[in-house]
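These are the residues of each chain, in order.
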Amino acid sequence: STNALISWQNLLKMRTSHCIIRSFSPKRLIIFVVASTLIYVMLLRNSTLNDERRIAATEEQVRSVNVIQQSKNVGVAERDHEIKDPVELEIARQTLTFLNMEDAVTKPKPPVKIAQEDGSCPIVERIPDLQGALPQATLLIQNLQEGEVHAVHPEIGPGGSWKPNDCQARDKIAVIIPYRDRQTHLTRLIDFLIPILQRQRLDFRFIVTEQYGNDLFNKGRIMNAAFIFAESLGVDCVVFHDVDMFPQDDRNPYSCPPGPRHLGAFVSNLGYQLWYKEIVGGVLAVSMADYRAVNGYSNQFWAWGGEDDDMGQRILSLNYTIERPNPETGRYSMLKHVKRKRTAPKLIYKLLGNSANRVAYDGLNETDKWSIRKVTTRPLYYHLYVDVGPVPEEWRAKA
């Protein structure tokens, strides 16, 4: 240390003076001076190295403090911005957890044998390389472009199609996304779902169904039109997926269910609670046969709200059981957006009062209620433009 060096310097001065007084032999004096100088140089070098180490350690501490402070700043910014919305507060919390995770350097894992003896892929519950809980940080990304997503996933074929090459997929699915004015949500959703569906070893593609024009929205009709298109692709089942719903765990199976499966049962903005038995909104997986059995979605709901609850009542009226995922692994985050209020609640409740009676005539079999104006095969999805026909005057008056 510096203090020790000073002490040694003083000692050497005293020792030198003492030696000079005791003996004036030039030979002894030279030997002593050389030895003292060597000791002094060694002490000085040690002191310099220690100082350099202390400076380096201090700089590293400063860098660490800066990183921690930046993470805290992110957390505080998210907290201050989202504190009024428990949904985005939950996303912010998961984002901060993700940002604070250390980048561990791991050895490459040996390839996992997936294919079963007959070459088929295992059911989702038995796939060994699923991740489980998923970080939600990417939900906060803005202005993600389709080209950027496709650049990251060059293995995706036209229409957002893909199938595994290490086993034979059990299910061929189409993810149908009803869409209007949510491009930033759409791109993020597809980017988020691709690796999940790949890990689940599904043969999948995406269908974005958009209403032609800007008149009152009819979700049921554009869903039915997309289902008819999905049939032409030869899929086994469809997954109707709202554009703002993001799964929190990749163990939630998107595979074809034996009966209607309500994947989006436990959602962040609803406190992860199942509020009523007929709820099937958000994300619903259904086989092609079962969808035809319930005659698809009703064509009679305009604006926003009602068609999902009507679908739930249709399913229950035909004695189906609505399957739901594990409450822990079946959670979803819902992105924040401007909520659209039901514009004609009395008309909606009137229709919901006779859902079971309308199954036979109101739905998929009314092919004159819509027409597909245009189909575009994009790199990430099939894009349908659906003409839903004129809006009834009673709905327009309420709107």
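Above this note sits the structure.
Sequence order as written defines residue numbering, which begins from 1 separately in each chain. This being a predicted model, a pLDDT of at least 70 is required before a residue's local features are given, and a value of 80 or more before pairs of side-chain atoms are given or counted; all residues contribute to the totals for chains, interfaces and linings. Side-chain measures here rest on the full set of heavy atoms in the structure, leaving out hydrogens and waters.

## Focus: the sheet that holds strand β4 (residues 245–247)
1) Next: Any two strands are treated as partners once DSSP identifies two or more bridges connecting them. Numbering goes from the N terminus for both helices and strands, where a helix is a DSSP run of H or I of at least four residues and a strand is a run of E of at least two. Within the open sheet, the three strands sit side by side as β4-β8-β6. Their pairing is mixed. In the strand order of this sheet, the two ends are held by β4 and β6 (266–267), each with one partner.
2) Next: Relative to strand β8 (residues 331–334), β6 runs parallel, the two sharing two bridges. Bridging across to β8, V267 finds its partner in Y332.

## Some points on the state of the cysteines
Linking two cysteines covalently through their sulfur atoms gives a disulfide.
1) Next: Put simply, a disulfide is two cysteine sulfurs that come within 2.5 Å. Here the structure, examined in full by the defined rule, presents two disulfides.
2) Next: What pairs with C121 in a disulfide is C167, and their sulfur atoms sit 1.9 Å apart. The S-S bond linking C121 to C167 shows a torsion near 90°; that makes this disulfide right-handed. Of this pair, C121 sits in the loop between α3 (86–99) and α4 (146–152) while C167 sits in the loop between α4 and β1 (172–179); the two residues are 46 residues apart in sequence, bridging distant segments of the chain. With respect to class, C121 is no different from C167; both count as buried.
3) Next: Bridging C237 to C256, the disulfide has an S-S length of 2.1 Å. Negative torsions about the S-S bond denote left-handed disulfides, and the value of about -85° found for C237 with C256 makes this one left-handed. You can see C237 sitting in strand β3 (residues 237–241) and its partner C256 sitting in the loop between β4 and β5 (261–262), a full 19 residues away along the chain. Relative accessibility thresholds used throughout: buried, under 20% of the residue-type maximum; exposed, over 50%; partly exposed, between the two (1.4 Å probe, protein chains only).

## Quick word on the pairing of strand β7 (residues 283–287)
For a regular strand, side chains alternate in direction, first toward one face of the sheet and then toward the other.
1) Next: Counting buried positions along β7 gives five out of five residues, so the element sits mostly inside the fold.
2) Next: Residues V283, A285 and S287 point to one face of β7 and L284 and V286 to the other, with burial holding for every one of them.
3) Next: As judged from the five bridges shared by β3 and β7, these two strands associate in the antiparallel manner. Bridge pairing in β7 places V238 opposite V286.
4) Next: For β5 and β7, the ladder comprises two bridges, and the chain directions are antiparallel. Its bridge partner lying in β7, H262 is registered against L284.

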